[in-house]
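# Chains, contacts and geometry: an overview
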Amino acid sequence: MSPEAYRESLRDGRSIFYRGRRIEDVNQEPDLKVGVELAVLDYEMGEDPSLRDVAVDHDPVTGTEFSRYYRIPKSCEDLTDRLHLIELGTERGGTIPPLIKEIGTDALFALLRVLEGEALEKAKAFYQHCRDGDLAVAVAQTDVKGDRSLSPHQQEDPDLYLRVVEQRPDGIVVRGAKAHTSASPNAHELIVLPTRAMGPDDADYAVAFAVPINTEGLNLYVSSFSGGEHNEFEHPLSSRTKMLESLTVFDDVFVPWDRVFLCGEPRLCGSIALTFVEYHRFTAVSYKLPLLDAFVGAAATIAEMNGVPKAGHIRDKLAALITYAESVRALTEMAALRGRVDAHGIAYPDPMTTNMAKFTFAKGFHEAVAQVQECAGGLLVTGPGQEDWDSPEIRPVLEKYLRGAVPAEERMRMMNLIADITARDFGGYHAVLAIHAEGSVEAEKMQILRSYDPQQAVTRARQFAGLD
Ligand SMILES: Cc1cc2nc3c(=O)[nH]c(=O)nc-3n(C[C@H](O)[C@H](O)[C@H](O)COP(=O)(O)OP(=O)(O)OC[C@H]3O[C@@H](n4cnc5c(N)ncnc54)[C@H](O)[C@@H]3O)c2cc1C
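In this report, we go over the structure that sits alongside the text. (Residues numbered from 1 in each chain as written. Predicted model: local features only at pLDDT ≥ 70, side-chain atom pairs only at ≥ 80, totals over all residues. Heavy atoms only, no water.)

### Quick notes on the overall build of the chain
Formally: Note on conventions: DSSP H or I runs of at least 4 residues are helices, E runs of at least 2 residues are strands, and numbering of each starts at the N terminus. What the globule rule says is 2.2 Å times the number of residues to the power 0.38, and the radius of gyration is computed from C-alpha atoms. Think of it in three bands: with a 1.4 Å probe and only protein chains considered, a residue is buried below 20% of the maximum accessible area for its type, exposed above 50%, and partly exposed in between. Here the Shrake-Rupley method, with its probe set to 1.4 Å, supplies the accessible areas, and only the displayed protein chains count as covering residues. Charge counting follows a simple rule: Lys and Arg are positive, Asp and Glu are negative, and His as well as the terminal groups are ignored. For this purpose, a charge sits on NZ of Lys, CZ of Arg, CG of Asp or CD of Glu.
Of regular secondary structure, the chain possesses 16 helices and 14 strands. At 24 Å, the chain has a C-alpha radius of gyration in line with the 23 Å of a compact globule built from 468 residues. On the principal axes, the C-alpha backbone points of the chain span a range of 75 × 75 × 55 Å. Relative to its 468 residues, the chain shows a buried fraction of 55%. Counting every atom, the chain has about 20,000 Å² of accessible surface; 53% of that belongs to carbon and sulfur. Where the 49 positive side-chain charges of the chain centre and where its 72 negative ones centre are 4 Å apart.

Now the structure itself:
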């Protein structure tokens, strides 16, 4: 799909609400357009002759070309290529991935691995539809969840987890809401997955399916976080990049049977949820790498610009930041290298190493932010705005007094990059994204414990203690 065809395809009557208003065209609403243009980068990559080897694949039987994100991984090498593709997309997106094929294919690979029989055939047909149409796909897994200590059927309001309210000869009707759905306002299709393992009493909540975004009854309430005009001087990245998230409400949405992958089978919920997460956390750590590189590069550069690159405490901080960024990178690469191939011939990243990468990233993030900010100084929040910088009367004063070991302009631009990614609203977005997106820190710890085989360690400890 060309970038223009993609923009045009979003004018399809989808039901989007933003800041109290119904939005007719996401291309026309400035805050939402920034999210659309982030996704356009994906289609531009597909058309860039210099990226054909990286971004485009072809069907070995029909020769049809398709986006490389849709390549079903068959080997550790495919997983490593996927990592690099996601990293490249995020670099172009200024620390945010386009995320219109990354998360969708994470879900599709999971469905292709877990489902059986007729459900698997439906998932294969849907995969083909998305791949051949070059479609943008969002994933709604996280339910709104109500009281977190209660399971779905125990909630006071039965709609706090998405559920099937009616089964008909031609399909099902679902009601409920999913939270934090990324890229939904600018996707074509939405894959819906269960968020957790479920027991027999939760059968109505055991549901997985896919619907076009413009389906009747599907209402997206888009988050206003980090909205509003962001000028390029104070917000070098967030003036041009933004991911859109929605509260995704299913107001008695009809789903035809050929789009229903799971209905009333709680036994499969846990494995669908976890298999998706195996891919999705790998995607997560792959797209964090450009931001972590930016932390290292910005800290080193601003220290130079401040004239203190050789100070002992600065070198300590740089060593810590490098260790952090490269530990996440090494663990992510290792997750691919330790990948395995399942009975369907589909490769998946090593779950323990993937979760270790995500855990290392999330736990270290706020400390890394503090280190970068320490290297920079207080101008991060006391510096001049774009209008002052543009004023012929004020600018000479700023140029005289805000210079460091380099002219003020260079120093202020680097300062503003650091402010954008660590201190302003975009920095706040990154901070919460680091902790919660793709699963909270506790979820990663649970998966590390679950996937670690303690036998060798226990045997050694018992031997060393003289017990065996
Ligand atoms: C920017 C962003 C983008 C996202 N994009 C998507 C997306 O595209 N699709 C999607 O499906 N999801 C998405 N998510 C959702 C993300 O996966 C969740 O935020 C994450 O799983 C945490 O869920 P929650 O936000 O409901 O927080 P909660 O689950 O409410 O967690 C809050 C705290 O409560 C704790 N807690 C919760 N339940 C329990 C319990 N039973 N016992 C003990 N402690 C508990 C948690 O550990 C955490 O400390 C996104 C999130 C963010 C922030």
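### As for the pattern of salt bridges
Heads up, the rule is: What makes a salt bridge here is a side-chain nitrogen of Lys or Arg within 4 Å of a carboxyl oxygen of Asp or Glu, nothing more.
Tallied over the entire structure, the rule returns 40 salt bridges. When the shortest N-O distance is used, the salt bridge between D293 and R329 registers 2.9 Å. Taken as a pair, D293 in helix α7 (residues 269–306) and R329 in helix α8 (residues 312–337) lie far apart in primary sequence, 36 residues in all. Put simply, E444 and K358 hold a salt bridge, and the shortest N to O gap is 2.8 Å. Here the residue E444 occupies a position in helix α15 (residues 441–451), and K358 occupies one in helix α9 (residues 351–376), the gap between them amounting to 86 residues.

### Some remarks on the sheet that holds strand β10 (residues 218–222)
Stated formally: Being paired, for any two strands, means DSSP has found at least two bridges between them. Between N-to-C directions, angles cover 0 to 180 degrees, with each direction set by a line fitted to C-alpha atoms, over the stretch in contact for helices.
Spatially, the six strands line up as an open sheet ordered β2-β1-β10-β11-β7-β6, and their pairing is mixed. What marks the edges here is a single partner per strand, and that holds for β2 (21–23) and β6 (163–168). Within this sheet the neighbouring strands show an average axis-to-axis angle of 20°, counted without direction. As paired strands, strand β1 (residues 15–18) and β10 are joined by four bridges and run parallel to one another. For Y18, the partnering residue across the bridge sits in β10 and is V222.

### Here's the deal with the environment of L135
To be explicit about the condition: Residue contacts follow a heavy-atom distance rule, with two residues in contact if any of their heavy atoms lie within 4.5 Å.
With respect to the helices and strands, L135 occurs in the loop between α6 (117–133) and β5 (137–140). In this structure the C-alpha to C-alpha distance between L135 and I100, which are 35 residues apart in sequence, comes to 8.0 Å. Apart from residues lying up to four places away in sequence, L135 is in contact with M1, Y43, Y70, I100, K101, H129, C130, H188 and E189.

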